Amino acid sequence: MFLKLILTEDGSHTLFNSRLNETYHSKFGAINESKHVFINAGLEEISKNKIEAINILEVGFGAGLNAYLTYLFSEQKKHRINYLALEPFPLSMEILNQLNYDLQLLSKSPKVSFGKFHHAEWGRNVVISDHFNLHKITSNLESFSYDSDYFQLVYFDAFAPDIQPELWTLEVFRKIYDLLEPGGIVVTYSAKGLVRRNLQQAGFLVERLTGPTGKREMLRGVKN
């Protein structure tokens, strides 16, 4: 088995991929990292625009933690969210059933369990709650096609640039730029100079933000 369950410092699980020598989340805290990068720096920011429904694209569905935290936000704020997630290599239910996100977030999730996100059928829109729709697609970004200017927010959660450099190119960020509406946001945990430059060349106004625990910086791009 090339995937190993790891307990991170905030008590939540992540997975270690021995083939890539890479974890799915920060060892300093999986939930902490996801909240900091994607919810606080992305979703909280775009929700200030008082949009009736926020359309989110996630590049790298992985273990589903970002989607689940986004659902919890939608329930708390009563904000409608349409969530489209790309994942070319879905994890097995055997692996997913071992993750402890339900236990860690139990008090914040009175209605829908984490497991419902993984039992949701791939390839079609699934109504998770009155405020949250989930659409999972077994595709990479390169093969993905959608209407321009549709999304307000992109969670860019691919493996690190050193591991999957083909996902952090100027061409990729130009595609994300086209998918976002004006004023839309892309957030990522990476703060590498190459990533920042590619985002800028794609047309984004790029901000360096304080990173999650264990990481000095992260990046947020805004479409001009």
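Use the structure listed above.
What counts, and at which threshold
Residues numbered from 1 in each chain as written. Predicted model: local features only at pLDDT ≥ 70, side-chain atom pairs only at ≥ 80, totals over all residues. Heavy atoms only, no water. Helix = DSSP H or I, 4+ residues; strand = E, 2+ residues; numbered from the N terminus. Expected span 1.5 Å × (residues − 1). Buried < 20%, exposed > 50% of the residue type's maximum accessible area, 1.4 Å probe, protein only. Pairing = 2+ DSSP bridges. Right-handed = clockwise from strand over helix to strand, strands pointing away. Axes fitted to C-alpha atoms, helices over the stretch in contact; angles between N-to-C directions. Parallel < 35°, antiparallel > 145°, perpendicular 65-115°, else oblique. Left-handed = near helix turned anticlockwise from the far one by under 90°. Contact = heavy atoms within 4.5 Å. Nonpolar A, V, L, I, M, F, W, Y, C, P; charged D, E, K, R; others polar. Phe/Tyr/Trp six-rings, centres within 6.5 Å; stacked < 30°, edge-to-face > 60°.

Trainee: Quick question: what am I supposed to make of the environment of Glu45 here?
Mentor: Tracing the backbone through its elements, the reader meets Glu45 in helix α1 (residues 30-47). When the C-alpha atoms of Glu45 and Ile185 are compared, they prove to be 8.6 Å apart, with 140 residues separating the residues in sequence.

Trainee: Whenever I open this one, helix α2 (residues 65-77) confuses me. Can you help?
Mentor: Residues three or four positions apart in an α-helix share a direction because the helix packs 3.6 residues into each turn. Taking 1.5 Å as the rise per residue, α2 with 13 residues should run 18 Å; its terminal C-alpha atoms sit 18 Å apart, in good agreement. With respect to burial, α2 is a largely interior element, eleven of its 13 residues being buried. Buried within α2 we find Leu65, Asn66, Ala67, Tyr68, Leu69, Thr70, Tyr71, Leu72, Phe73, Ser74 and Glu75.

Trainee: Before we go on, may I ask you to explain the sheet that holds strand β1 (residues 3-7) in this structure?
Mentor: In a beta sheet, neighbouring strands are held together by backbone hydrogen bonds and run either parallel or antiparallel to one another. Strand order in the open sheet formed by three strands is β1-β2-β3, and the pairing between neighbours is antiparallel. The outermost strands of the open sheet, each flanked by one partner alone, are β1 and β3 (22-23). Taken together, the five bridges between β1 and strand β2 (residues 13-17) define a ladder with antiparallel strand orientation. Bridge pairing links Ile6 to Thr14 in β2.

Trainee: I'm lost on the pairing of strand β5 (residues 80-86) in this one. Help?
Mentor: Every regular strand shows the same layout, with side chains that alternate between the two sheet faces. Among the seven residues in β5, five count as buried, and that is most of the element. Relative to β5, strand β4 (residues 53-59) runs parallel, the two being bridged by seven bridges. Note that in β5 the partner of Ile56 across the bridge is Tyr83. Read from β4 through α2 to β5, the crossover connection turns out right-handed. Taken together, the six bridges between β5 and strand β7 (residues 132-137) define a ladder with parallel strand orientation. Bridge assignment links Leu84 to a residue of β7, and that residue is His135.

Trainee: What is the right way to look at the packing of helix α6 (residues 170-179) against helix α7 (residues 193-202) in this model?
Mentor: Geometry of a packed helix pair, given as the angle between the helix axes and the separation of the axes. Taken N-terminus to C-terminus, the directions of α6 and α7 make an angle of 50°; their axes are 8 Å apart at the nearest point. With respect to α7, the axis of α6 lies oblique. The handedness of the crossing between α6 and α7 is right-handed. Residues Leu170, Phe173, Arg174 and Tyr177 of α6 lie in contact with α7, whose contacting residues are Val195, Asn198, Leu199, Gln201 and Ala202. Classifying every residue of the contact of α6 with α7 by side-chain character gives six nonpolar, two polar and one charged.

Trainee: What exactly am I supposed to notice about the packing of aromatic side chains here?
Mentor: Two aromatic rings are characterised by how far apart their centres lie and by the angle between their planes. Tallied over the full model, the rule gives 21 aromatic pairs. Both rings, one in Tyr68 and one in Phe114, keep their centres 5.5 Å apart while their planes meet at 75°; by these two values the pair is edge-to-face. Taken as a pair, Tyr68 in helix α2 and Phe114 in the loop between α4 (101-105) and α5 (115-119) lie far apart in primary sequence, 46 residues in all. Side by side, Tyr68 and Phe114 carry an identical accessibility label, which is buried.

Interpretation in functional terms is not warranted from these geometric data alone.
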